[in-house]
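# Structure assessment
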Amino acid sequence: MKNGLKDCFVEKLRSFSSSPIFIHSDLFLSNQFITPSSDRKKTLDRHISLLYELFDNNKIWFPSFNYQFPVSKIFNPLIDKCELGPLPEYFRSSYSEWRTPDPVFSAAGIDKHPGPLTPKKEMEAFGLDSIFSKLHAQNGLLFFYGIGFSVATIIHYVESLVTPLYRYDKFFNGTIIMNN
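Here the structure is a predicted model, which is why all the values come from computation and not from measurement.

In this structure, I23 and L51 are the most contacted members of the largest nonpolar core, which totals 20 residues. Take this core: its biggest share by element is seven residues, from helix α3 (residues 40-55). F65, W98, F105 and I131 belong to the second-largest nonpolar core, a separate cluster that totals 16 residues.

Further remarks concern the packing of aromatic side chains. Overall, the coordinates contain 16 aromatic pairs when judged by the stated rule. Judged by centre distance (5.9 Å) and plane angle (65°), the rings of F22 and F132 are edge-to-face. Of this pair, F22 sits in strand β1 (residues 21-25) while F132 sits in helix α6 (residues 131-137), and the two are 110 residues apart along the sequence. Just as F22 is buried, F132 falls in that class too. Measuring from ring centre to ring centre gives 6.3 Å for F143 and Y145, while their planes differ by 25°; the resulting arrangement is stacked. Here F143 falls in the buried class, since its relative accessible area comes to 14%. Judged by its relative accessible area of 2%, Y145 is buried.

Procedures and definitions
Residues numbered from 1 in each chain as written. Predicted model: local features only at pLDDT ≥ 70, side-chain atom pairs only at ≥ 80, totals over all residues. Heavy atoms only, no water. Core = buried A, V, L, I, M, F, W, Y, C linked by side-chain atoms within 4.5 Å. Buried < 20%, exposed > 50% of the residue type's maximum accessible area, 1.4 Å probe, protein only. Helix = DSSP H or I, 4+ residues; strand = E, 2+ residues; numbered from the N terminus. Phe/Tyr/Trp six-rings, centres within 6.5 Å; stacked < 30°, edge-to-face > 60°.

Any functional reading would require information beyond the geometric quantities listed.
Below you can see the structure in the form of structure tokens.
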């Protein structure tokens, strides 16, 4: 990206500095934005550094979804891996300050935890306490880093607001392990 265009882009992004940025990513196309290294960790660090530069280190959130809960019936936000690729998992394990307690559609981020901090007996993945509701309430932004809109899980949150006829709820029982 040419410097003038990049500076304009960065300036526009920083005008949203009080809003959380929810980053969907795919390294296949986003590798063009950095100089890759043969060292996997350095490559991932370069991506995170670029995102920190773009968003001025403010309220970066990554989806940190783990699809094992419906089968395993156990979720531990501290150790269960994000299954959305290497960048969100690396962010979760190396940079994030928190992870939401949703056993499937969790998010990891920096800055203040959007809450709730502990799970409830009954939770709705796209309800009022969901990461998607918090993103909406804080005028958050979606950022697609090397990936298209088709992965935007927030569409399920929008659907939950209007309850279309084709939607149906799924229920899972299980255990969420918090602080051992």
